[in-house]
Amino acid sequence: MSEFTVGDTDFLLDGRPVRLLSGALHYFRVHEAQWGHRLRMLRAMGLNCVETYVPWNRHEPRPGGFRDVEALGRFLDAAAEAGLWAIVRPGPYICAEWENGGLPHWVPGRARTRDGRFVAAVEAWFARLLPQVVSRQIDRGGPVVLVQVENEYGSYGSDARYLAGLAELLRALGVTVPLFTSDGPEDHMLTGGSVPGVLATVNFGSHAREAFRTLRAHRPDGPLMCMEFWCGWFDHWGAEHVVRDPADAAKALREVLGCGASVNLYMAHGGTSFAGWAGANRGGELHDGPLEPDVTSYDYDAPVDEAGRPTPKFWAFREVLAEYAGGPLPEPPPPPAPLAGGGEAVLTAWAPLEAVLEACGGPEVSGPVPPTFEELDVDRGLVRYEVTVPGPRRPYPLTVRGLRDLAVVYVDGERAGVLTEEEPRLREPVAGHARVELWVESLGRVNYGPRCGEAKGITGGILHERQYLHDVRARGLRLDDLEEVSAVPFGAPDGSGARGLYRGTVTVRGAGDALLELPGWTRGFVWLNGFNLGRYWSAGPQRALFVPGPVLVEGENEIRVLELEGASGRAPVLRSV
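The notes below deal with the structure included here.

## Considering the pairing of strand β28 (residues 531–537)
Among the seven residues of β28, six are classified as buried, and the element is accordingly described as predominantly covered. Across six bridges, the pairing between strand β27 (residues 523–528) and β28 is antiparallel. Paired with arginine 523 across the strands is tryptophan 537, a residue of β28.

Quick look at the structure:
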């Protein structure tokens with residue numbers, strides 16, 4: 001067994017100095033059958049360590065209802081098999097451009113504080129999770145060398161007792177390797193996010209010397225580490241695709257290493273936010289502005305692209321990292337096999353959205369005000385709200401207050417428009433008597449900043465002129481409830497491209513990694529052989545969904561498309577990466 005410790009200037013392995021050359025790879029964003037390949041790509045780039053977050057909400061979607069917590073352990077075993085150390089960042093908050101920053105939608109109390117209700121939920125979660133980590137620590141023969149306390153807490157709060165309590169909890173549950181925190185290289189972030197006696201690290205994408213100088217002003221001793229070296233960035237729906245020049249990123253990486261620091265490339269391989277787990281940001285300097293939902297792809301312009309292939313950035317980084325490898329680097333493994341032959345899907349069945357809700361939705365509730373998604377126990381999905389405009393009365397504007405995030409509105413069965421948080425009023429006034437339906441969709445819960453944890457749905461009420469409309473009926477549809485659709489009454493599609501759930505097949509020859517394109521479709525989700533590929537949206541910039549090869553089978557494959565607005569009627573197309 002080995003001992004990994006924090007020295008005065010270096011990390012120490014059995015007393016000798018070592019440098020962590022790490023890369024972020026989230027096990028929950030990569031198909032498990034492809035973990036081994038991606039980890040070998042990190043080794044070939046010159047890394048000796050892998051870092052991963054742990055998304056609480058994915059593993060505990062309902063209180064006490066744990067789901068495949070053992071996946072983390074299997075990933076850590078795969079890391080060890082690939083010859084990599086591991087850094088685990090269990091949260092409970094993770095950011096990660098992930099739904100709600102990894103916090104469950106049901107989490108009680110005031111999150112990320114010492115509120116006893118929240119802390120009790122964290123204690124129960126960590127008690128279930130940490131055995132996967134503890135037994136795989138380096139002093140027990142495993143790969144885990146570091147475990148994080150919270151995540152970038154100084155960007156959010158300053159509850160020192162909460163942070164200290166988390167560190168004590170990790171120790172009490174058996175974590176013996178060094179703990180650490182990570183924050184931006186700003187004074188207020190480091191004072192708010194650091195814990196006495198716990199290693200502090202910093203996150204940045206450039207200006208390493210300046211960042212480490214700030215860190216040293218707070219922590220004169222201890223190894224330097226950039227825990228998140230942002231070598232790329234993420235995309236938002238409706239915005240431009242973001243890239244970073246490989247030469248610029250390699251130069252910045254060289255500066256980090258030239259400071260004698262350890263590093264964690266964020267991301268080494270980004271992967272995909274499958275199943276609607278992509279989060280959202282808020283714009284503006286203080287992250288309190290318009291919603292900016294994240295796309296499904298988490299390619300991140302990383303050195304290993306979404307399909308696991310080396311990019312020019314991979315080779316630029318490999319050249320830099322080779323200088324610190326202490327020996328020749330292994331060659332990259334062959335890329336996973338691409339799809340040999342695909343083609344158009346044949347959609348033979350369709351059910352209107354109302355029928356899907358009736359078959360798969362939760363119970364209908366009614367009350368004086370609209371319930372939120374959280375009150376309806378909807379994490380990812382949509383809610384149909386129904387309300388009556390009393391009459392007779394003249395036409396007045398219909399406004400939705402506190403809409404999060406998008407509503408397709410029908411008045412007496414006819415589509416009346418699409419509302420958003422920024423445009424919450426129908427263009428045409430509504431006269432009474434009228435029946436109004438609002439199909440509200442969450443575009444991803446905020447994962448960073450002061451508005452993380454805000455409710456989804458209609459959070460402020462429905463107004464006709466200045467008058468609130470009461471007696472609201474609501475029914476939720478969780479994405480998870482669409483994993484089984486045998487109760488849905490499918491019929492033949494009429495070719496109109498109407499919203500609803502489509503089902504059909506796509507024939508594959510030579511199954512392998514692929515891309516699914518949906519030309520003429522507006523917005524929704526796709527399942528291939530029951531695997532949820534995530535959200536598509538014609539707003540761009542993402543134009544196709546990544547399909548891991550292990551999802552496909554030779555011959556006929558089932559495809560389901562949940563279209564939430566309307567499509568042109570053109571068939572989805574499966575093609576090779």
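## Some thoughts on the packing of aromatic side chains
Counted under the stated rule, the structure contains 29 aromatic pairs. For the ring pair tyrosine 27 and phenylalanine 75, a centre distance of 5.8 Å and an interplane angle of 35 degrees mean the geometry is tilted. One end of the pair, tyrosine 27, is in the loop between β4 (21–25) and α1 (35–45); the other, phenylalanine 75, is in helix α3 (residues 70–81), and 48 residues separate them in sequence. Taken as a pair, tyrosine 27 and phenylalanine 75 share a single burial class, namely buried. On the basis of an interplanar angle of 15 degrees and a centroid distance of 6.3 Å, the ring pair of phenylalanine 66 and tryptophan 125 is categorised as stacked. Here the residue phenylalanine 66 occupies a position in the loop between α2 (56–59) and α3, and tryptophan 125 occupies one in helix α4 (residues 116–129), the gap between them amounting to 59 residues. Given a relative accessible area of 30%, phenylalanine 66 falls into the partly exposed group. Following the ring pairs from residue to residue traces out a cluster consisting of Trp56, Phe66, Trp106, Phe118, Trp125, Tyr153, Tyr156 and Tyr162. The lysine or arginine in question, arginine 523, covers the ring of tryptophan 537, its NZ or CZ lying 5.6 Å from the ring centre.

## Remarks on unusual backbone geometry
One can expect most non-glycine residues to show negative phi and most peptide bonds to be in trans. For the bond running from tyrosine 266 to methionine 267, omega is -5 degrees, close enough to zero to count as cis. For methionine 267, the position within the fold is in strand β11 (residues 262–269). The amide bond that connects glycine 391 to the next residue, proline 392, takes the cis arrangement and shows omega of 5 degrees. Within the element layout of this structure, proline 392 appears in strand β17 (residues 381–396). One non-glycine residue, glutamate 150, adopts positive backbone phi at about 55 degrees.

## Focus: the environment of valine 133
Topologically, valine 133 is positioned in helix α5 (residues 131–134). Since its relative accessible area comes to 0%, valine 133 is described here as buried. In sequence terms valine 133 and proline 104 are 29 residues apart; their C-alpha atoms lie 21 Å from each other. Filtering out sequence-adjacent residues up to four positions away, valine 133 remains in contact with Leu72, Leu76, Val88, Val144 and Val147.

The rules we used
Residues numbered from 1 in each chain as written. Predicted model: local features only at pLDDT ≥ 70, side-chain atom pairs only at ≥ 80, totals over all residues. Heavy atoms only, no water. Buried < 20%, exposed > 50% of the residue type's maximum accessible area, 1.4 Å probe, protein only. Helix = DSSP H or I, 4+ residues; strand = E, 2+ residues; numbered from the N terminus. Pairing = 2+ DSSP bridges. Phe/Tyr/Trp six-rings, centres within 6.5 Å; stacked < 30°, edge-to-face > 60°. Lys NZ or Arg CZ within 6 Å of the ring centre and 35° of its normal. Contact = heavy atoms within 4.5 Å.

Nothing here speaks to function; it is geometry throughout.
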